[in-house]
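# Inside the fold
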Amino acid sequence: MIEFQSSFVEKLPGDTEFDNYPRQVINSCYSFALPKPVENPSLVAFSEDCARLIDIEPESCEDSAFVQIMSGNYIPAGTKPYAMCYGGHQFGNWAGQLGDGRAINFGEIVNRKGKKWSLQLKGAGPTPYSRTADGLAVLRSSIREFLCSEWMHHLGVPTTRALSIVTTGEEVLRDMFYDGNPQFEKGAIVARLSESFIRFGNFELLAARRELETLRKLLIYCINETPELSQLNEDCSFKELNKQSIEFFRSICLKTADLMVQWMQLGFVHGVMNTDNMSIMGQTIDYGPFGWLENYDEFWTPNTTDIPGRRYCYGKQPEVAFWNLYQLANSLRQLDIDEKSLIECLDDYKNRYIKSWQKTFANKLGFKKYLGNKHDLLINSLIDLFKKFGLDWTVFFRKLSLINFDPNKISKKANLKIIASSSYQKTDEGFEHKVNEWLCNYIYQIKSEKLSSEERIELMDATNPIYVPRNYLLQEAIEKAQKEDFSLIHQLMQIMQNPYTDQGPSCEQFKNKRPNWALNKPGCSSLSCSS
């Protein structure tokens, strides 16, 4: 039996109104909210790895009791279900109060190793923060979140985790294309885990409203939940609070920088980097209209809502993360946290990102360390190749480790064929000339650094995955699932556990570049926020 704690609601101010209806919630970090019972919950899939994080044996996940809990039909003893109160900047504009509009938190679970995990049901019904929405989620978006969050974990990217996905036996009305033609879709609920679901927006709303005592309590709570920081008492001095707050903010800046490097090197595009979708844990959170870079385009965004301004496109993600951190710093300034130190933390973000990106890109090419101008020339000319010839980001880097270094004509022809297999365009003499030119420079640099083939290949294959959750694969899984066929979901779950390892001929179709039919198909390229 899972045992829950409720430190968030016990240590922080909460809403004094207990009725569940949309409203502005003042001077509070949360409101109590019960999940909406569902008619006929049914398990679609669960993550064994995630279950073990909270000491659940995988076989227990198929029990009816587990399904009842993860659908919100049964409230475990010791839980105090609640929805968080937060605000945020959406597409650069202050949106005021937002909050958990369809996510209900059960509380925290401390596993046998002493690690704390918060459990949350997404799509479990309305809360005081649902505004005009129904608080529900559909199978389509739930499958995407479940598969991608677990896949990201196995890729080595900090992320919220997905424990399970259940269908509710009910239908939910959604306008998928925002074109005035809503349709009924299958309802679903995802059970999510994280060390914390607190976002930048939790601080922003309290700061914007000048609810400074509650803001101070939230800050102290978060500092005390961060193991590497010293504990603070409620009546701690300003000097103590200021010192630990700076270290807390610095840790967020550095974690966020590391996260951005991982997103960029893998070609992941979040699509909705609003401040309410930024975690203080430096984790990927809230998987909506995300996508994976295919043919290189730094201005590509998977979010149809973002297309006019492309604020959240691939190439702007590091810049947007910095802007979001700046908004968090502004919130901390409301407590008179030292401005100069906060700016230094923001500088730490920039320095960490640049150095980590350079090192990671060097690793992608098979170099152990970044060597400045020598590597910059290679990297910049490679980006030009990507732009000019539409090379697939994932396929190219994975296949680059197969390049033959022999200078004969047969090897050169084989190398061209390897690179051409990652291109979305027809190759010609111009392609051959430019690729041969870049490969000559690349091979020369590898040889000059005296890297053995074994070292180079091992480093590249540990950095560049074979399998990523491309939108067209997820869409195929969704279309099957809508017909009660969950086989592709389970197959993708097996593949995602070892994304850097070739899993043989039976998985060949999952490592190819995007097929032509998926270029403009709904759900396979750009998506809306509808879920």
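Conventions we followed
- Residues numbered from 1 in each chain as written.
- Predicted model: local features only at pLDDT ≥ 70, side-chain atom pairs only at ≥ 80, totals over all residues.
- Heavy atoms only, no water.
- Disulfide = S-S within 2.5 Å.
- Buried < 20%, exposed > 50% of the residue type's maximum accessible area, 1.4 Å probe, protein only.
- Phe/Tyr/Trp six-rings, centres within 6.5 Å; stacked < 30°, edge-to-face > 60°.
- Lys NZ or Arg CZ within 6 Å of the ring centre and 35° of its normal.
- Helix = DSSP H or I, 4+ residues; strand = E, 2+ residues; numbered from the N terminus.
- Contact = heavy atoms within 4.5 Å.

### Re the state of the cysteines
Under the definition given, this model contains zero disulfides. Left unpaired, Cys 61 is separated from the closest cysteine sulfur, that of Cys 50, by 9.0 Å. You can call Cys 61 buried: its relative accessible area is 0%. Cysteine Cys 222 shares no disulfide, and the gap to the nearest cysteine sulfur, in Cys 29, comes to 8.5 Å. When its relative accessible area of 3% is taken as the criterion, Cys 222 is described as buried.

### Considering the packing of aromatic side chains
Per the stated rule, a full pass over the model turns up 34 aromatic pairs. Taken together, a centroid distance of 5.4 Å and an interplanar angle of 75° make the contact between Tyr 30 and Phe 32 edge-to-face. Positioned above the aromatic ring of Trp 323, the side-chain terminus of Arg 311 is 4.7 Å from the ring centre. When the ring centre of Tyr 424 is taken as origin, the NZ or CZ atom of Lys 513, which lies over that ring, is 6.0 Å away.

### What to know about the environment of Ala 362
Tracing the chain through its elements places Ala 362 in helix 9 (residues 339-364). Its relative accessible area of 1% is what places Ala 362 among the buried residues. For the pair Ala 362 and Asp 376, spaced 14 residues apart in sequence, the C-alpha separation works out to 9.3 Å. Apart from the residues lying within four places of it in its own chain, the contact partners of Ala 362 are Phe 367, Lys 369, Tyr 370 and His 375.

Interpretation in functional terms is not warranted from these geometric data alone.
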